[in-house]
Amino acid sequence: MENGPKRRRRELEPTVLHKVGDVISAINEAKHVDQLICALHSLAVRLFPLDSSAFSGSIDEQYRDQVLRTEVPSSDERSDWWWVFYQGTAFPTLARVLLYEVASNWLACFPISAQKHVYDVFFVEGLATEVVQTLVPCLQHNGRDSLRVNTVCSNAERLLVLCLFENDGILQMAREFGSSFQSEDSISERMKPAVSRVAQLMVSIPDKAPLGAPTSLSSHFFFKQIAIQLLAGVEEKSMKLHDEAASLDKNDMDGTFLFVGETFARICRRGSVDVLLGEVIPRILAHIRSFLQSNTDLIDADVFETNPGFLFWSKMMEAIKDPYAVERMSEQILHYLATEQASDTEAYWTLWMLFHQIFYRQKSVRSMFIDKFLLWKVFPLCCLRWILQFAVLECPPGANSLTKGHNTRGLIDTVQHLVAVWSKQEFVQSAPIEQQTYITAAVGISLEKMSKEELDATKEVMHSILRGVSCRLESPDHLVRRMASSVALVFSKVVDPKNPLHLDDSCSGETIDWEFGLVTPDKGIQVASSSTEKGIKEIENSTASVAGKELDSAVDGGAGNNLKDRDKKLSKFRLVDPDEIIDPAMLNDESTSGGSDDDNASDNSESSNDSSLQPYDLSDDDTDLKKKITQVVDVVGALRKSDDADGVERALDVAENLVRASPDELRHLTGDLVRTLVQVRCSDLTIEGEEESAEEKRQKALVALLVTCPFESLDALHKLLYSPNVDVSQRILILDIMTDAAQELADTRTMKPKRQPGALISTISETQPWFLPSSIGPPGAGSWKEMSGTGSLLNLSYSYERELPPKPNQVKRGKTRRWSLRLKNMPESQTEWSQNKFPLYAAAFMLPAMQGFDKRRHGVDLLARDFIVLGKLIYMLGVCMKCASMHPEASALASPLLDMLSSREVCYHKEAYVRRSVLFAASCVLMALHPSYVASALVEGNPELSKGLEWVRTWALNVADTDTDKDCYTMAMTCLQLHAEMALQASRALETSESTFKTKSIGLSSNMLKGEIKIPHPSVQY
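The shown structure was predicted, so the numbers you read here are calculated from the model rather than taken from an experiment.

Conventions and cut-offs
- Residues numbered from 1 in each chain as written.
- Predicted model: local features only at pLDDT ≥ 70, side-chain atom pairs only at ≥ 80, totals over all residues.
- Heavy atoms only, no water.
- Helix = DSSP H or I, 4+ residues; strand = E, 2+ residues; numbered from the N terminus.
- Buried < 20%, exposed > 50% of the residue type's maximum accessible area, 1.4 Å probe, protein only.
- Areas by Shrake-Rupley, 256 points an atom, 1.4 Å probe, with all protein chains shown as cover.
- Core = buried A, V, L, I, M, F, W, Y, C linked by side-chain atoms within 4.5 Å.
- Phe/Tyr/Trp six-rings, centres within 6.5 Å; stacked < 30°, edge-to-face > 60°.
- Salt bridge = Lys/Arg side-chain N within 4 Å of Asp/Glu carboxyl O.

Enquirer: What exactly am I supposed to notice about the overall build of the protein chain here?
Expert: Within the protein chain one finds 48 helices and 4 strands. The 1022 residues of the protein chain split such that 43% are buried. A total of about 56,300 Å² of accessible surface is found on the protein chain, and carbon and sulfur atoms cover 51% of it.

Below, the structure is given as structure tokens:
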């Protein structure tokens, strides 16, 4: 029975080819469009059930009769002709003539009805897979005649829209491949390349469509229609097989599902996975929600497996063979569910329906969920919970929390894998903060589901957790320390639930915020600084947060005044001695001033007239012994008495004001006072709760010392900076006060004489007109002004007057007196304000600190253990450069600083905090250099500065490309922006200097251009 149709169609093939040849010959010989229509009709009537009367009225009578008299074959014969025509070489041969020759020469003359029934019908009613393979290449037709090319392309676009969308050609292709794969395996294997080829051609249509193509061929609309039709096709096929009591085995589903999988994979490869999932996920969620509402009882996997509406989803994912497409779809599915705010139950069953079969059958999918999605990707917290519930716990979630399944082996292995990565020092140093937060949440949530017995059964988990907590507690970042506290709390609850370990006040609640107050951004979105000011501000903020000293001025002020207020209240209550002799006059004064009367006070006094016998008040002896500190030497002495806490506190209270007063002995005691202030331990000598207030007073006193006596103070501080006798906190204090002092010196306002521009060569004759009086006079004299005369009209003389400065002994009378810091005998017009005193001391601030920073001494290792001090040092140097901005000192100090920053141990330090400090300092150098100095350095060939600036550019580019820290990326982009602006200003300054040189060189002799000047004396030349 099967061999009869095949043999009959094989015998029919020469006849079909002969008929196609006749039609092509008739097309080539046609002189009128009706002849062409009749030729095409003679073939179409043998392939399709045509109604010839539908278009016969649009042609001439002589051709109309020929069309109506055409013999119509039977249905079986027509089916055989159709199969032979489209399965062989006849259709591609005729289609080439129709798409190129007929479309460019005759199609415009076709009546609309004739075009539909004898031209479009060959594509609309044909085999969809063959039609697509024929039409798509026409979209990129090349030829010399542009009009012909446009006609062919526009016709191909029209036919594609007509076949694929108006006649559901994509759904038809899925059905065709499904029927083809129901034959024996050898034919199925031969059809797989055809499936891949058709899928590739179809998804490439939006890329090949030229400008001006229909909107339906744009990528978004096109892929959306593909998804709609293919989903309808696979759902139709699965329901049909279920109604026929057929199982969804491989042979039944390979055709349709292989085509769907190939097409979906290629759509994902072209970046339109969001369009695809926009049709998939809403359908799945609608099915799940309706199913959950109709089944209020406990739902397990068996309930879903017996429902035919859910079976084809897993088969669809199994048909996608491209691992990249599966990964991209999985990521977008999780993000889509998070955007839709799906519940834990809905999200779990969505993942289960799509991935439960391939999760157990394909190792790559298991690795994707357990390795990539937990260690390499960053998802929102809800997505992390869904991943753990589906891939690790492997059971449906509970009502409000994750549920632990029976298979605990997967949980134990996952915890071991996560903790092994989480505890590494390199991970803490190099991983982005978002990834650290994500993996910390994965570790914490997984630990919450473990028991003590399971924890004891793991290998090295306890040691890894302790190691990870320890290295995070040493971090200068508060968020990283908070991660350690949260994991330590969860770990302690597993070990001993009755004694939780609270290392941080933020972890005191019952539940832990595993987002740590942050919103996890979508992957691939990186924000860069939009302005230079913002970028530098972020650098300062990120650098200042490393020391771990987050001062709150409001809180500190309140805490610092508590003790003083208490002392004031206690001083109001005095003990009364019964033998004390009281002066009645004082009682009267007290009663009058206090507002309280005592009528019996005067009667009880025996010596009302003798007030000279008033005794000493011994009740406040302690107060009298506390002498007020008024000398700098007393401050030094009080600070050295570590056993006298009150004395230290009083010394700190007055230290800043005494230093600001700048007494004569200050310069001789500056070194001792600096060393004493640095070495005093405020935390050991102050009352609990007032440590920060005392630290603030000490820091202000040290800043005042640096501002008042810079050189003497810096000499002592630089010796202490790398001394083995101070700890890390004291080194950070030294760098902080140097930073604050540099900024204060840069903001200081002083008055100095204004530089009066004048000619370098004086002239004997005056430049003013001859008829004006001489301008010679005392300093400060005004200019001459002509006065209007009061005489007769015939008066030919003119009078002039000017203002003169007052004499030294002359006092101007008035009601108010004006005080100022103006220089003596210096008019206001000859003085100006100077707002920066720091450049004078810039070298003293920076050079000693840069010397020997990389040497490893006893207790000092800035490049490794003490990286916080290194970051603070680099930050201080950057602030110093910014304070000396646009001054000659900045140009002199830029090269040494860039040389220090460019050392590999510094710029490629493993701690992101140090790299952020280097970026900040490099940005400050770029802002501090004057463009004219950069231009002159380029002209004169200054190799050090040129090399340093080029290093800044290349290194910032490398950081922006490779650094994993988001702040480093943002600051590197800001640094590149500053470098570009500096280069632009320097190039403008260079052009200005070149044009000025050319202007001045006009008219000079050749000897002067060579740099030779001849003087008119024999044999003398310079």
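Picking up where we left off.
Enquirer: Before we go on, may I ask you to explain the environment of Gly-871 in this structure?
Expert: The residue Gly-871 is located in helix 41 (residues 867-883) in this model. Taking the C-alpha atoms as reference points, Gly-871 and Ile-732, separated by 139 residues in sequence, lie 9.7 Å from one another.

Enquirer: Help me understand the nonpolar core in this model?
Expert: The nonpolar side chains of soluble globular proteins are, as a tendency, buried together. Phe-85, Phe-110, Phe-122 and Phe-123 are the most contacted members of the largest nonpolar core, which totals 176 residues. By size, the runner-up hydrophobic cluster in this structure holds 112 residues, among which are Leu-705, Ala-741, Ile-868 and Ala-922.

Enquirer: What is the right way to look at the packing of aromatic side chains in this model?
Expert: The geometry of an aromatic ring pair comes down to the distance between the two centres and the angle between the two planes. Per the stated rule, a full pass over the model turns up 29 aromatic pairs. Geometrically, the ring pair formed by Phe-838 and Phe-845 is edge-to-face, given 5.1 Å between the ring centres and 65 degrees between the ring planes. According to the relative accessible area criterion, Phe-838 is buried, its value standing at 0%. Owing to a relative accessible area of 0%, Phe-845 belongs among the buried residues under this scheme. Taken together, the aromatic side chains of Tyr-348, Trp-349, Trp-352, Phe-355, Phe-359, Tyr-360, Phe-369, Phe-373, Phe-379, Phe-390 and Tyr-438 make up a single cluster linked through ring pairs.

Enquirer: Is there a simple way to think about the pattern of salt bridges in this case?
Expert: Pairing is possible between side chains of opposite charge, provided their charged atoms come close. For the structure shown, the criterion picks out 31 salt bridges. The shortest N-O distance in the salt bridge between Asp-413 and Arg-409 comes to 2.9 Å. You can see Asp-413 and its partner Arg-409 sitting in helix 23 (residues 409-422), 4 residues apart, about one turn around the helix. Since its relative accessible area comes to 37%, Asp-413 is described here as partly exposed. Using a relative accessible area of 45% as the deciding quantity, one classes Arg-409 as partly exposed. We note a salt bridge from Asp-861 to Arg-856, for which the minimum N-O separation is 3.5 Å. Relative accessible area serves as the criterion here: at 13%, Asp-861 is assigned to the buried category.

Everything listed is a geometric property; what it means functionally is a separate question.
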